[in-house]
Amino acid sequence: MRRSKAGKLAMGVGYVAQDAGSRLTSNMTVAELVAEPLFLRDKRFDRHEAGLRAATLVDALLLPVGTMLKQPHELSSGQRQRVAVARGLILEPPLLIADEPTAGVDVSVRGAVIDVIAALQRRRGAAALIVSHDLDALRRSVDRIAIIHEGVVVGLGHIDEVLGDPRHPYVASLAREVLPEAEAEAEDEAASDADGDAEGAEEGDDPEYDDDSDADEPADDDEPAYDDEVADSTGPR
């Protein structure tokens, strides 16, 4: 492949390494680090627009806007990794390859980071290839999954279908770790909905009437009217 074509291809692919957060230039601010790829591609790129794009990504990745003025040594390892993710997304690449993008990121925001990557790429009509061992985070965002064991693909397809019908012992072991938690959450939601319906029925069993003359009405009128259909409060996740 010619060098010019290789360069164009590289510009269309964003990459976030597993240890990208530890490779950030130490004497640059977060704002400069995130926006730098824009100026590497076009030295005349508008600085105001670059700053706005950088701030939008930093905010989307749940980092305080004040982080923009800080240098890498002032951040935690998880915050530095999110800065690296923002840097990988700033060029709006048609394809983003992210190797363990949540490495070192606090557990409470790992899912949100994957969500942001997936949502941004979908909105742009682009794709993302995410390498991760965090199945809980992947289940909420990705469309398809390939499970690799000892260099061999042992599962391929929609993540719930692959885990729901494992064809390999390794996939089965992963399914046992992930699916029970998801089933427990679903049961809790169903129980909560059932409790709410039961409370509503109990409140309707003994309606109060302000007019005592209602007692003389036929027995059929003493019973409150209920709709035959009950709206399902659950929806797609």
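Residues numbered from 1 in each chain as written. Predicted model: local features only at pLDDT ≥ 70, side-chain atom pairs only at ≥ 80, totals over all residues. Heavy atoms only, no water.

> I would appreciate a short explanation of the sheet that holds strand β3 (residues 127-131) in the present structure.
In a beta sheet, neighbouring strands pair by backbone hydrogen bonds and run either parallel or antiparallel. Spatially, the 3 strands line up as an open sheet ordered β1-β2-β3, and their pairing is parallel. Edge positions in the sheet fall to β1 (13-16) and β3, since each has one partner strand and no second. Along the sheet, successive strands turn relative to each other by an average axial angle of 10°, direction set aside. Taken together, the 5 bridges between strand β2 (residues 95-99) and β3 define a ladder with parallel strand orientation. Opposite L96, over in β3, you have A128 as the bridge partner. Its contacts with the sheet place helix α5 (residues 107-123) against β2 and β3, and it is angled at close to 155° to β3. (Pairing = 2+ DSSP bridges. Helix = DSSP H or I, 4+ residues; strand = E, 2+ residues; numbered from the N terminus. Axes fitted to C-alpha atoms, helices over the stretch in contact; angles between N-to-C directions. Contact = heavy atoms within 4.5 Å.)

> Quick question: what am I supposed to make of helix α2 (residues 30-41) here?
Side chains that are three or four residues apart share a direction in an α-helix, a result of its 3.6 residues per turn. When we look at burial in α2, the residues that qualify are V30, L33, V34, A35, P37, L38 and F39. Considering only its buried residues, α2 is in contact with α3 (47-60) and α4 (77-89). (Buried < 20%, exposed > 50% of the residue type's maximum accessible area, 1.4 Å probe, protein only.)

> So what exactly am I meant to see when it comes to α3 here?
Compared with the 20 Å implied by 1.5 Å per residue over 14 residues, the 20 Å span of α3 between its first and last C-alpha is a close match. Residues of α3 that are buried: A50, A54, L57 and V58. Relative to the axis of α3, the buried residues are bounded by an arc of 100° and lie together on one face. Check the buried side of α3 and you find it contacts α2, α4 and α5. Two or three places before H48, at the opening of α3, D46 has a side-chain oxygen 3.1 Å from that residue's backbone nitrogen. Directly after α3, the chain includes L62, whose backbone phi takes a positive value near 60°. (Expected span 1.5 Å × (residues − 1). Arc of directions from axis to C-beta. Polar contact = N/O pair within 3.5 Å; in protein donor to acceptor, adjacent residues only side chain to side chain.)

> Even after reading the chapter, I still don't get the nonpolar core, so can you show me in this structure?
Soluble globular proteins tend to pack their nonpolar side chains together in the buried interior. By size, the foremost hydrophobic cluster in this structure holds 52 residues, and its most contacted members are V34, I147 and L163. Contacts of V34, omitting those with residues within four sequence positions, involve A54, V58, V83, A86, R87 and I90. (Core = buried A, V, L, I, M, F, W, Y, C linked by side-chain atoms within 4.5 Å.)

> Is there a simple way to think about a nonpolar patch on the surface in this case?
A cluster of nonpolar residues, I148, V153 and L156, forms a patch on the protein surface that exposes about 310 Å² of accessible area. In this fold, L156 is placed in strand β5 (residues 152-157). Accessibility expressed as a relative area gives 58% for L156, which makes it exposed. (Patch = residues over 30% accessible without salt bridge, like charges linked within 9 Å, V, L, I, M, F, W, Y side chains within 5 Å. Areas by Shrake-Rupley, 256 points an atom, 1.4 Å probe, with all protein chains shown as cover. Salt bridge = Lys/Arg side-chain N within 4 Å of Asp/Glu carboxyl O.)

> Explain unusual backbone geometry here, please?
Working note: non-glycine residues mostly have negative phi, and peptide bonds are mostly trans. A positive phi angle, close to 50°, is found at E92, a residue other than glycine. For E92, a relative accessible area of 42% gives the class partly exposed. With phi around 55°, E150 is a residue other than glycine that occupies positive phi space. Judged by its relative accessible area of 72%, E150 falls in the exposed class.

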